[in-house]
Each structure stands twice: as C-alpha cells, then as structure tokens.
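# Structural description and commentary
The residues making up each chain are set out below.
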Amino acid sequence: MKLSSNIKILLAVITLALTPISNAATYPEKPIRLVVPYPTGGSVGVAANIIQEPLAKQLGQSVIIEYKGGAGGTIGTAQVAKSDPDGYTLLLTLSSHTINPAIYETLPFDTEKDLTPVSLVASAPQVLVANPSFPPSTIKELITFAQNSETPLIYGSAGVGTPSHIAVELFKKNTKTELTHVPYRGGGPATIDVLGGQIPLLWVSLPAVTQHIKSGKLKALAVSTAKRTPVLPDVPTVSETLPGFNVDSWYAMFAPANTPEPIIEKIQSILADSAKDKSIQEAFLAQGAVAVGSTAAELDHIVKTEIPVWRELASEANIKIN
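Attention in this report is confined to the structure presented alongside it. (Residues numbered from 1 in each chain as written. Predicted model: local features only at pLDDT ≥ 70, side-chain atom pairs only at ≥ 80, totals over all residues. Heavy atoms only, no water.)

## Observations concerning the packing of helix 2 (residues 43-59) against helix 9 (residues 261-275)
Between helix 2 and helix 9, whose axes approach to 10 Å, the crossing angle comes to 125°. Accordingly, the angle class assigned to the pair helix 2 and helix 9 is oblique. Two packed elements cross with a definite hand, and for helix 2 against helix 9 that hand is right-handed. Contact residues: helix 2 offers Ile51, Pro54, Leu55, Gln58 and Leu59, while helix 9 offers Lys266, Ile267, Ile270, Leu271 and Ser274. (Axes fitted to C-alpha atoms, helices over the stretch in contact; angles between N-to-C directions. Helix = DSSP H or I, 4+ residues; strand = E, 2+ residues; numbered from the N terminus. Parallel < 35°, antiparallel > 145°, perpendicular 65-115°, else oblique. Left-handed = near helix turned anticlockwise from the far one by under 90°. Contact = heavy atoms within 4.5 Å.)

Structure, rendered in structure tokens:
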C-alpha cells in the first residue's frame, strides 16, 4: 500500500521529533567539546581542567577543552548558543554571564532563552586586597578613610563589567563613597600593580591573589560573598559590615537551548558527584574556590535573579560596553 504524501510528511516530522530522545539514550557516542569563552591561563580554564577528567571518565568519551576568548566571554558563548542541542558542545563560563546582558548594548544571543543551565560547578569570592602600606585594614576603616580623603581613592579591577568592577560599584552604592576605577586587562596585570604600589586597592577573584595574601605581600580587607571562604577563614565578609552585600564569582556549565533533558540530567549528575569528591574539592580550594555541583534549577534561579540586579546597578553606574 502506498502512503500519501501527507502521511509521509507526518511520519518524517514524528521521526525528527523522536530523534533527540533516541540520541539521548545512547549519549555520548563521540568526544565532547567544552568551550571556555576566555583566553588560556585564566581561572575558568583552571576550573575546566579540574572537571575535565571526571567528566570524561564518567561519560566514557574524551572531553576536549576549546578556548574561544574575546568580548568579555560573549564570542565563545555565542558559539555554544548557536550549536546543535545534542550535548556535544557545552559551555563553562563564569558569573560575567549574568553581567554581560546589563553592560552590552546588544549580544549575539539571548542569555536566558538560548542557553540551558546544567550546573553550578564552583564558587569563588571576589576579595578586596591592598598593598600592605595602605592604612585601612578593615571595611569600616576603608569607608572612613575614603569619606575623609580629599581626592577619590583609586582601585583596580580585572576590567570593565567584570565581577570585580561590579563588586566595587555595589560597594560605592551601599557606602556613598567615591572611588576611581582603573580597569586592567585581567586580574594578573592589576595584581602586579597593587603589589608594586602603583595602585593602593584591588578587587579581584580570590584565586588570583590567594598566595600573595598568605605570604603577606597583600593584605585582604574582605571577601565579597555572603559567607566567609574556607580558603581564608579569618578574612571577614563585606556583609559583616554592610548586610546584604554579595557578589559571587561562580563557574557554571550551560548547554544550547533544547538540549534533551536526559542529557542535561546525566551531565549534572556527574558534576554533582564530582563536587563531593575530596580530590576535586581540594583542587578547587587550592585555587581559592569551593566545589558546588548544583541542580540545573538552582543555576537557572541564579541566572534569573542576578540579571535584573546587575541591569539596575549598571544603569545607575552608567556601565556600558558598545
């Protein structure tokens, strides 16, 4: 019996609709690309290296880290957003992911619609450090010092719109203090200048300066997260002086939108189990971060919560990148 053309079309549509489910059942059948949307040598690359082996081992396929840096992480992110939703192209990025929609006039993707949350991988606070010669050693002393200074204090950050820049703008908003921003091309060059005394203050991700703090070459005034970090348990949080202050430099994994749920669940489960592994925990702690391994829903909540907060702050502080 011959099938009508309409029935053939219907069968073809049904076959296409069922294909992702079928593929998910046998996933993965080939190597996986893990895109890091930043240059090599950064903290996101370090996080990718830490989770690469457990992912490959549990999935039974190679996990190839691919660096696609540029435009504050948006170039590599766009590549993943436009990839096939088959689980073979994944994104590992940091919390600038929720800041970029606030500071870029346009993006080549929709942060919430074009990417599916998989899991929060790790959390690392921003830390406010100073050259040892800088008089204030606490947040209270800094606020008083800044308010009594004849000229605005200078501070460095890893760049315009980075979590470290956002942390300072939130600090300025909450304390009504004036600080002059000096953006650097990354935390490394900024750290060199605060070590050398060219700038007195620096907000930067903790992994970039942990060893300098422990050696006494830099003094830490406070960390930006709501809770103290086990990496430096004696360093207070900003929120101990300014209740509610919280800027978390997290690392998280995303997949293209419409990636089959079974694939998302499989990867998320591996990351959650890895976060409980002592060797993984120690590897992240050595970098000043804490392994997390959240659910996809928890990461989705973070994204949806942070974007409007950073949009409001960026608007008030006039932070824009054209």
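Read on, since the account is not over.
## Structural notes on helix 3 (residues 74-81)
Taken across its eight residues, helix 3 has six buried, putting it largely inside the fold. The set of residues buried in helix 3 consists of Thr74, Gly76, Thr77, Ala78, Val80 and Ala81. Check the buried side of helix 3 and you find it contacts strand 1 (32-36), strand 3 (89-94), helix 4 (96-103), strand 4 (115-130) and strand 9 (248-256). (Buried < 20%, exposed > 50% of the residue type's maximum accessible area, 1.4 Å probe, protein only.)

## A word on the packing of aromatic side chains
Tallying each qualifying case throughout the model produces four aromatic pairs. Between phenylalanine 134 and phenylalanine 145 the ring centres are 5.4 Å apart and the planes differ by 75°, which places this aromatic pair in the edge-to-face class. With phenylalanine 134 in the loop between strand 4 and helix 5 (139-148) and phenylalanine 145 in helix 5, this pair connects stretches of sequence that are 11 residues apart. Residue phenylalanine 134 is classed as buried on the basis of its relative accessible area, which comes to 7%. Phenylalanine 145 gets classed as partly exposed once you look at its relative accessible area, which sits at 32%. Measuring from ring centre to ring centre gives 6.2 Å for tryptophan 203 and phenylalanine 245, while their planes differ by 35°; the resulting arrangement is tilted. (Phe/Tyr/Trp six-rings, centres within 6.5 Å; stacked < 30°, edge-to-face > 60°.)

## Points about the pairing of strand 4
Most of strand 4 sits out of view: 16 of its 16 residues are buried. Both strand 4 and strand 10 (residues 290-291) contribute to a ladder of two bridges, which runs antiparallel. Opposite serine 123, over in strand 10, you have valine 290 as the bridge partner. The pairing of strand 4 with strand 7 (residues 201-205) spans five bridges and is antiparallel. Note on strand 7: the bridge partner recorded for leucine 128 is tryptophan 203. (Pairing = 2+ DSSP bridges.)

## Notes on the nonpolar core
Of all hydrophobic cores here, the largest spans 36 residues; its most connected members are Leu34, Ile51, Leu55, Leu92, Met253, Ile267 and Phe284. For this core, the elements supplying multiple residues, two or more each, are strand 1, helix 2, strand 2 (63-67), strand 3, strand 4, strand 9, helix 9 and helix 10 (278-286). With seven residues, the single largest contributor to this core is helix 2. When near neighbours in sequence (up to four residues on either side) are disregarded, phenylalanine 284 contacts Ala47, Ile50, Ile51, Val121, Ala122, Ala289, Val290 and Ala291. Counting 31 residues, the second largest nonpolar core, distinct from the first, contains Leu128, Val168, Leu221 and Phe245. (Core = buried A, V, L, I, M, F, W, Y, C linked by side-chain atoms within 4.5 Å.)

## Quick look at the pattern of salt bridges
Enumeration over the complete set of coordinates arrives at five salt bridges. We note a salt bridge from lysine 172 to glutamate 169, for which the minimum N-O separation is 3.6 Å. In this pair, lysine 172 and glutamate 169 are both assigned in helix 6 (residues 163-175), three residues apart and thus about one turn of the helix distant. Of the residues examined, lysine 172 reaches a relative accessible area of 19% and is grouped as buried. You can call glutamate 169 buried: its relative accessible area is 10%. Between glutamate 240 and arginine 228 there is a salt bridge; the shortest N-O distance is 2.8 Å. Of this pair, glutamate 240 sits in the loop between strand 8 (219-223) and strand 9 while arginine 228 is found in the loop between strand 8 and strand 9, placing the two residues 12 residues apart along the sequence. Residue classification places glutamate 240 among the partly exposed residues on the basis of a relative accessible area of 45%. Overall, the relative accessible area of 39% leaves arginine 228 in the partly exposed class. (Salt bridge = Lys/Arg side-chain N within 4 Å of Asp/Glu carboxyl O.)

## Thoughts on the packing of helix 2 against helix 10
Between helix 2 and helix 10, the shortest axis-to-axis distance is 10 Å and the interhelical angle comes to 170°. By the angle between their directions, the pair helix 2 and helix 10 is classed as roughly antiparallel. Judged by residue contacts, Ala47, Ile50, Ile51 and Pro54 of helix 2 engage Ile280, Ala283 and Phe284 from helix 10. Of the residues assigned to the contact of helix 2 with helix 10, the class counts are seven nonpolar, no polar and no charged. (Nonpolar A, V, L, I, M, F, W, Y, C, P; charged D, E, K, R; others polar.)

## With respect to the side chain of serine 123
Among the secondary structure elements, serine 123 is positioned in strand 4. On the basis of relative accessible area, serine 123 is assigned to the buried category, the value being 16%. A distance of 2.7 Å separates the side chain of serine 123 from the side chain of aspartate 248, its partner in a polar contact. When residues no more than four places from it in sequence are discounted, the contact partners of serine 123 are Asp248, Ser249, Trp250, Ala289, Val290 and Val292. (Polar contact = N/O pair within 3.5 Å; in protein donor to acceptor, adjacent residues only side chain to side chain.)

## What to know about the environment of alanine 124
Along the polypeptide, alanine 124 turns up in strand 4. Under the relative-accessibility criterion, alanine 124 is labelled buried at 0%. Taking the C-alpha atoms as reference points, alanine 124 and serine 95, separated by 29 residues in sequence, lie 10.0 Å from one another. Among residues more than four places away in sequence, those in contact with alanine 124 are Pro207, Asp248, Ser249, Tyr251, Gly288 and Ala289.

By themselves, these are just geometric observations and shouldn't be taken as functional.
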